[in-house]
Amino acid sequence: ITSVMQFDRGDLTYIFSVANEMRSMVRTVGATDLLKGYVLANLFYEPSTRTSSSFIAAMERLGGSVIPIHGVQYSSVSKGESLPDTIRTLECYADVIVLRHPEVGASEVAARYASKPVISAGDGVGEHPTQGLLDLYTIFSELGTVDGLHVALIGDLKNGRTVHSLARLLRLYETRLTFVSPDTLRLPGDVKGQLLDAGREVRECAAVEDIITDADVLYVTRVQKERFGDMRDYEAVKDCYTITTELMSRAKEHMALMHPLPRVGEIQYDVDADPRAAYFRQMENGMYIRMALLAAVLGKA
């Protein structure tokens, strides 16, 4: 699993149905032995809290075990080992490899050299396919549908790999999409082109106030400090959007406020009490989606 572009609507329906089963199982009995005896290698070249933890929790709730590799400066990578060699080594011990890497396309390179399943956990500013899947699953869970919705994606759309994956998935549905960002952080042209080629209605603007009353989904992202070469550029845009209770008072009564997290000020803490604030339910959904994906790639779904 290296890109959301590999999925069609039938695939998504299947994945979400398995995720529903996983959610029901976890809430009923907590865990299963479906993947007992299987091992996951969790290889993270970049920091992670949610993605890493949810993959570990997903594997352990399915009865499997995990080799956690975080901070590759403490691994043989620091000795100059190549990604292909690292992947080939880990698959000697594990049945599936989850990879986060700072370079776009790294997961595709890993998959090319691997004989075991590889799941991308994000590659640079490229994609984050499992996050895109859990985000779409959350929209279904919160609103019951995706077709016919107006989805607004807000913040760092240039560097936000979660935005890139979700937008590409939304091209498969009859959605209206508005991208809200400063000029310097606009959605990449290739992603926008894929949406237009799919017949989606796409709009770009600079103010949340322009869409707050009409949006069914607000997908808010942080401005990614680590992607800026010049901190002056970051300082100029870091506080460009803040979701407040006053702003939410103008939003639809039935809508979803989402964020891939971590947040660094884009959504004020007092908004958390709003029943439309879905971001922590979104995080929980990530475990169910990743349980479904692990079972599927290992032929146990």
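Notes on the structure in this doc start here. (Residues numbered from 1 in each chain as written. Predicted model: local features only at pLDDT ≥ 70, side-chain atom pairs only at ≥ 80, totals over all residues. Heavy atoms only, no water.)

**What about the overall build of the protein chain?**
Tallying secondary structure elements over the protein chain gives 10 helices and 9 strands in all. For 301 residues, the compact-globule formula gives about 19 Å, and the C-alpha radius of gyration of the protein chain, at 19 Å, lands near that figure. If you line up the protein chain on its principal axes, its C-alpha atoms span 55 × 45 × 40 Å. When each of the 301 residues of the protein chain is scored for burial, the buried share is 55%. Taking all contacts inside the protein chain whose residues are at least 6 apart in sequence as the whole, residues at least 24 apart take part in 74%. Summed over all atoms, the accessible surface of the protein chain reaches about 12700 Å², with 48% contributed by carbon and sulfur. With 32 positive and 40 negative side-chain charges, the protein chain shows a separation of 3 Å between the mean positions of the two kinds. (Helix = DSSP H or I, 4+ residues; strand = E, 2+ residues; numbered from the N terminus. Rg over C-alpha atoms; globule rule 2.2 N^0.38 Å. Buried < 20%, exposed > 50% of the residue type's maximum accessible area, 1.4 Å probe, protein only. Contact = heavy atoms within 4.5 Å. Areas by Shrake-Rupley, 256 points an atom, 1.4 Å probe, with all protein chains shown as cover. Lys, Arg positive; Asp, Glu negative; His and termini not counted. Charge placed at Lys NZ, Arg CZ, Asp CG, Glu CD.)

**Some words on the environment of glutamate 108**
Position of glutamate 108 among the secondary structure elements: in helix α4 (residues 106–113). For the pair formed by glutamate 108 and isoleucine 1, sequence separation is 107 residues and the distance between their alpha carbons is 8.7 Å.

**Here we look at the pattern of salt bridges**
Enumeration over the complete set of coordinates arrives at 14 salt bridges. As a salt-bridge pair, arginine 186 and aspartate 183 come within 3.3 Å of each other at their nearest N and O atoms. Take arginine 186: its relative accessible area is 39%, and that puts it in the partly exposed class. The class for aspartate 183 is exposed, based on a relative accessible area of 60%. (Salt bridge = Lys/Arg side-chain N within 4 Å of Asp/Glu carboxyl O.)

**So, helix α5 (residues 129–143)**
Helix length check: α5 (15 residues) gives 21 Å between terminal C-alpha atoms against 21 Å at 1.5 Å per residue, within 8%. A large share of α5 lies buried, amounting to 13 of its 15 residues. One or two positions beyond α5, positive phi appears at glycine 144, with a value near 85 degrees. (Expected span 1.5 Å × (residues − 1).)

**A look at the sheet that holds strand β9 (residues 256–258)**
Ordered in space as β7-β6-β5-β8-β9, the 5 strands form an open sheet in which the pairing is parallel. Unpaired on one side and paired on the other, β7 (201–205) and β9 mark the two borders of the sheet. Averaged over all adjacent pairs, the angle separating strand axes in this sheet is 15 degrees, with direction ignored. Each of β6 (176–180) and β7 is contacted by helix α7 (residues 189–197), which is oriented at about 145 degrees to β7, the strand it contacts most. (Pairing = 2+ DSSP bridges. Axes fitted to C-alpha atoms, helices over the stretch in contact; angles between N-to-C directions.)

**Remarks on the pairing of strand β2 (residues 65–70)**
Note: strand β1 (residues 39–44) against β2, 6 bridges, orientation parallel. Looking at β2, one finds that leucine 40 is bridged to valine 66. Taking the sense of rotation as the criterion, the β-α-β connection linking β1, helix α2 (residues 50–61) and β2 turns out right-handed. (Right-handed = clockwise from strand over helix to strand, strands pointing away.)

**Notes on the sheet that holds β1**
Taking strand neighbours across the sheet as the criterion, the 4 strands line up as β2-β1-β3-β4 in an open arrangement whose pairing is parallel. If you trace the sheet from one side to the other, it starts and ends with β2 and β4 (118–123), each paired once. Ignoring strand direction, the axes of neighbouring strands in this sheet form an average angle of 10 degrees. In the sheet, strand β3 (residues 96–101) pairs with β4 via 4 bridges, with the strands oriented parallel. Note that in β4 the partner of histidine 101 across the bridge is aspartate 123.

**A closer look at the side chain of arginine 100**
Inspection of the secondary structure assignment puts arginine 100 in strand β3. We note that arginine 100 is buried and unpaired, the nearest opposite charge coming from glutamate 46 at a distance of 4.6 Å. At 3.0 Å, the side chain of arginine 100 and the backbone oxygen of proline 47 are in polar contact. A distance of 3.1 Å separates the side chain of arginine 100 from the side chain of histidine 128, its partner in a polar contact. The residues contacting arginine 100, other than those within four sequence positions of it, are Leu43, Phe44, Tyr45, Glu46, Pro47, Ser48, Thr51, Ala121, Gly122, His128 and Arg161. (Polar contact = N/O pair within 3.5 Å; in protein donor to acceptor, adjacent residues only side chain to side chain.)

**Here we look at the packing of helix α1 (residues 9–28) against helix α10 (residues 279–297)**
Between α1 and α10, the least distance of the axes is 8 Å, while the angle of their chain directions is 115 degrees. By the angle class used here, α1 and α10 are roughly perpendicular. Remark: the crossing between α1 and α10 carries right-handed chirality. Here Tyr14, Ile15, Phe16, Val18, Ala19, Met22, Arg23, Met25, Val26 and Arg27 of α1 come into contact with α10, specifically with Glu284, Asn285, Met287, Tyr288, Ile289, Met291, Ala292, Leu293, Ala295 and Ala296. (Parallel < 35°, antiparallel > 145°, perpendicular 65-115°, else oblique. Left-handed = near helix turned anticlockwise from the far one by under 90°.)

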